[in-house]
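Analysis of the macromolecular model
The chain contents come next:
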Amino acid sequence: MGTGTPGITIPYEDGGKFRTTLENLRPEIADGVVCDVNVRCAIVTRADFTATGERLYDQYIPVRFLPGVKG
C-alpha cells in the first residue's frame, strides 16, 4: 500500500529511486533574488513531510546556472 497524499506525493521506485521532470528552471527566484548572485540554490527533496523531525532521507542537490544558457 502506498503512502502520501494523492496528487502531491509520488511513490519511490525499487531501491528508493524516483523520477520527475523539472521545467522552466531559471536563476531568478524573485525580484532581486538570483541564484549564484545573492543566494545559493538547490533542488531539494523532502522524503516525508509528515515526519518533520526525520530528515535522514531528504536530498539537497546544489545547482548552478551558466550565464547566457537558456533551457
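Residues numbered from 1 in each chain as written. Predicted model: local features only at pLDDT ≥ 70, side-chain atom pairs only at ≥ 80, totals over all residues. Heavy atoms only, no water.

A few points about the overall build of the chain
Summing up its helical and strand segments, the chain has zero helices and four strands in all. Walking the chain from its N terminus toward its C terminus, one meets helices and strands in the order β-β-β-β. Taken across its 71 residues, the chain has 4% of its residues classed as buried. The contacts of the chain with a sequence gap of at least 6 include a subset with a gap of at least 24, amounting to 22%. Carbon and sulfur atoms make up 56% of the accessible area of the chain, which amounts to about 6700 Å² in all. (Helix = DSSP H or I, 4+ residues; strand = E, 2+ residues; numbered from the N terminus. Buried < 20%, exposed > 50% of the residue type's maximum accessible area, 1.4 Å probe, protein only. Contact = heavy atoms within 4.5 Å. Areas by Shrake-Rupley, 256 points an atom, 1.4 Å probe, with all protein chains shown as cover.)

Brief notes about a nonpolar patch on the surface
Nonpolar side chains collect at one region of the surface, where Ile10, Tyr12 and Phe18 lie side by side and expose about 310 Å² of accessible area between them. Checked against the element boundaries, Phe18 lands in the segment before strand E1 (28-30). (Patch = residues over 30% accessible without salt bridge, like charges linked within 9 Å, V, L, I, M, F, W, Y side chains within 5 Å. Salt bridge = Lys/Arg side-chain N within 4 Å of Asp/Glu carboxyl O.)

Some points on the state of the cysteines
One pass over the structure, following the stated rule, counts one disulfide. Bridging Cys35 to Cys41, the disulfide has an S-S length of 1.8 Å. Handedness of the Cys35-Cys41 disulfide follows from its S-S torsion of about -95°: it is left-handed. Like Cys35, the residue Cys41 is buried in the burial classification. (Disulfide = S-S within 2.5 Å.)

Some points on unusual backbone geometry
With glycine set apart, most residues show a phi of negative sign, and most peptide bonds adopt trans. The backbone of Asn24 sits at a positive phi, close to 55°, despite the residue not being glycine. Its location among the elements puts Asn24 in the segment before E1. Taking the relative accessible area as the measure of exposure, Asn24 reaches 73% and is therefore exposed. Positive phi values are uncommon outside glycine, yet Asp36 reaches one of about 70°.

Section: the pattern of salt bridges
Taken as a whole and judged by the stated rule, the model has four salt bridges. Residue Asp58 is joined to Arg55 by a salt bridge in which the shortest nitrogen-to-oxygen separation is 2.4 Å. Arg55 gets classed as partly exposed once you look at its relative accessible area, which sits at 29%.

Focus on the side chain of Thr45
With respect to the helices and strands, Thr45 occurs in strand E3 (residues 41-45). Residue Thr45 is classed as buried on the basis of its relative accessible area of 19%. Apart from the residues lying within four places of it in its own chain, the contact partners of Thr45 are Phe18, Asp58 and Gln59.

Read these as geometric descriptors, not functional statements.
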